[in-house]
Amino acid sequence: MKKRLFCGLMVILAMAAQAQDIQLHYDFGRNIYGDEQPDRQKVTVTLEQFKADKWGSWYYFVDIDLSRKFFRSAYTEISREFNLGKNSPVAAHIEYDGGLYHVTGSYQHAALIGPAYNGHSADFSKTWSVQLMYKHFFKSYEYTSAYPSFQLTGVWSTTFAQKRCTFSGFIDFWRGEKADGHGQLVILTEPQFWFNVTEHFSLGSEVEISNNFVYNMKSDSDKSFFINPTLAVKWNF
């Protein structure tokens, strides 16, 4: 496992060298929920990059969860879009989700494919995307199984107040599976607000809002809805 985590860290460092921005988040989830999320990370480093080309675009982010003693995990989503026609807002979207986790060795991996509808304002200060995809989960470690699913995703970003403020984020809906094999609707959204101090440096917050996504460690509680806010800084390269 140590070797796998070391190899994963090397890949992350290589990606960081070409990142579009890097974010550092201090997470308050464990402070708010206590024994419902006793093992939740306190610090997350996020690397992300978006790049357009003549065929479409590609995008990735990596969330690196840290503890006081070790590198806990790295979760990534990498996507590629191919434009379907010149100046068409419709694109073919292909995506991989997965990563490394210090307890099981990995997250449950998934592949997604489907259409995307993208748009923007004339000056690109506002952008948005809606994606409807077939999602397939793979058996990644013990106690997981392969199964088909779907995912509906919305992504947005808007910059205003003379480029001083940015409001961005995403919302995902997908079919997950419980331990007994029964399906459940998973909802995850992570809106971010940034105050852009300079062209490169921003202060802000991310709020993770989810249902059926965070595992509740408290055995006598059936709570599935959580709100986990952060305080964050970001450097745009």
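Everything below is about the structure printed above this text.
Residues numbered from 1 in each chain as written. Predicted model: local features only at pLDDT ≥ 70, side-chain atom pairs only at ≥ 80, totals over all residues. Heavy atoms only, no water.

Caption draft 1: Layout of unusual backbone geometry. Positive phi, close to 60°, is recorded for Asn87, a residue that is not glycine. Looking at where Asn87 falls in the secondary structure, it is placed in the loop between β4 (71-83) and β5 (90-101). Residue Asn87 is classed as exposed on the basis of its relative accessible area of 74%. (Helix = DSSP H or I, 4+ residues; strand = E, 2+ residues; numbered from the N terminus. Buried < 20%, exposed > 50% of the residue type's maximum accessible area, 1.4 Å probe, protein only.)

Caption draft 2: Expanded view of the pairing of strand β10 (residues 183-189). As defined by bridge partners, strand β9 (residues 165-177) adjoins β10 across seven bridges and the pair is classed as antiparallel. Across the sheet, Arg175 pairs through a bridge with Leu185, a residue of β10. Here β9 folds back onto β10, and the loop between the two strands holds five residues, one of which, Gly181, carries a positive phi near 90°. (Pairing = 2+ DSSP bridges.)

Caption draft 3: A look at a nonpolar patch on the surface. Together, Leu24, Phe160, Phe167, Phe193, Phe195, Val197, Leu203 and Val233 give the surface a local cluster of nonpolar side chains, amounting to about 630 Å² of exposed area. Note that Leu203 resides in strand β12 (residues 201-211). Look at Leu203 and you get partly exposed, because its relative accessible area is 39%. (Patch = residues over 30% accessible without salt bridge, like charges linked within 9 Å, V, L, I, M, F, W, Y side chains within 5 Å. Areas by Shrake-Rupley, 256 points an atom, 1.4 Å probe, with all protein chains shown as cover. Salt bridge = Lys/Arg side-chain N within 4 Å of Asp/Glu carboxyl O.)

Caption draft 4: Structural view of the pattern of salt bridges. Per the stated rule, a full pass over the model turns up five salt bridges. Across the pair Asp27 and Arg40 runs a salt bridge whose closest N-O atoms are separated by 3.0 Å. In this pair, Asp27 is assigned in strand β1 (residues 21-27) and Arg40 in the loop between α2 (29-33) and β2 (43-52), connecting sequence segments 13 residues apart. Looking at Asp27, the relative accessible area reads 4%, which means it is buried. Residue Arg40 is classed as buried on the basis of its relative accessible area of 11%. For Glu208, the salt bridge is made with Arg40, and the minimal N-O distance between the two is 3.2 Å. You can see Glu208 sitting in strand β12 and its partner Arg40 sitting in the loop between α2 and β2, a full 168 residues away along the chain. Salt bridges sharing partners connect three or more residues here, namely Asp27, Arg40 and Glu208.

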